[in-house]
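Tertiary structure, described
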Amino acid sequence: MQLNKFKKMANKRDLKKDINYVLGDIIEAVYVWEYSNTDKDTKKSEAIIDEAIATFDELIAKVNDRSVEDKKAHFKAINKELEDKGRALIEKINKLG
């Protein structure tokens, strides 16, 4: 028996929470970096925060799009995009050095 059959599809509310938590944690990590590196320029770190906010706005707009026919596939694609963009932002934080 496959357990994946019984896995419940993520609903809109949970997806919004995931977007909020992931991007909020990324922004918090940037603030921690800035606090720990007060002697360094913050232009790059501020750009990461701006990108995280833009990503949040973009993904929430996609979640709220009511014209989508296949919601399951749509939410799965948004979840994948969140994962990809989140990893890219984390890599940028790690490169701040």
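Look up a bit, the structure's there.
For the structure given in this document, a descriptive report is provided here.

Cut-off values and rules
Chains are numbered independently. Their residues run from 1 in the order of the written sequence. Whole-chain, interface and lining totals are the exception, using all residues; otherwise, since this is a predicted model, local features are given only for residues with pLDDT of at least 70 and side-chain atom pairs are given and counted only at 80 or more. Hydrogen atoms and water are omitted, and side-chain values are computed over all heavy atoms in the structure. Any Lys or Arg side-chain nitrogen located within 4 Å of an Asp or Glu carboxyl oxygen qualifies as a salt bridge. For helices the rule is a DSSP run of H or I covering at least 4 residues; for strands it is a run of E covering at least 2, with both sets numbered from the N terminus onward. Partly exposed describes any residue whose relative accessible area lies between the buried limit of under 20% and the exposed limit of over 50%, with all areas from a 1.4 Å probe on protein chains only and scaled to the type maximum. Any two residues whose heavy atoms approach within 4.5 Å at even a single point are treated as in contact.

Regarding the pattern of salt bridges
For the coordinates displayed, the defined rule picks out seven salt bridges. For Glu 58, the salt bridge goes to Lys 62, with nearest N and O atoms at 3.6 Å. Of this pair, Glu 58 and Lys 62 both sit in helix α2 (residues 43–63), four residues apart, which is roughly one turn of that helix. Among the residues examined, Glu 58 registers a relative accessible area of 31% and is labelled partly exposed. The exposure class assigned to Lys 62 is partly exposed, which follows from its relative accessible area of 30%. One continuous salt-bridge network, built from bridges that share partners, spans Glu 58, Lys 62, Glu 81 and Lys 85.

Examining the environment of Glu 34
Within the secondary structure, Glu 34 is located in helix α1 (residues 12–36). Classification of Glu 34 as buried rests on a relative accessible area of 16%. Between the C-alpha atoms of Glu 34 and Ser 45, which are 11 residues apart in sequence, the distance is 7.4 Å. In this structure, Glu 34 is in contact with Thr 42, Ser 45, Glu 46 and Ile 49, ignoring residues within four places of it in sequence.

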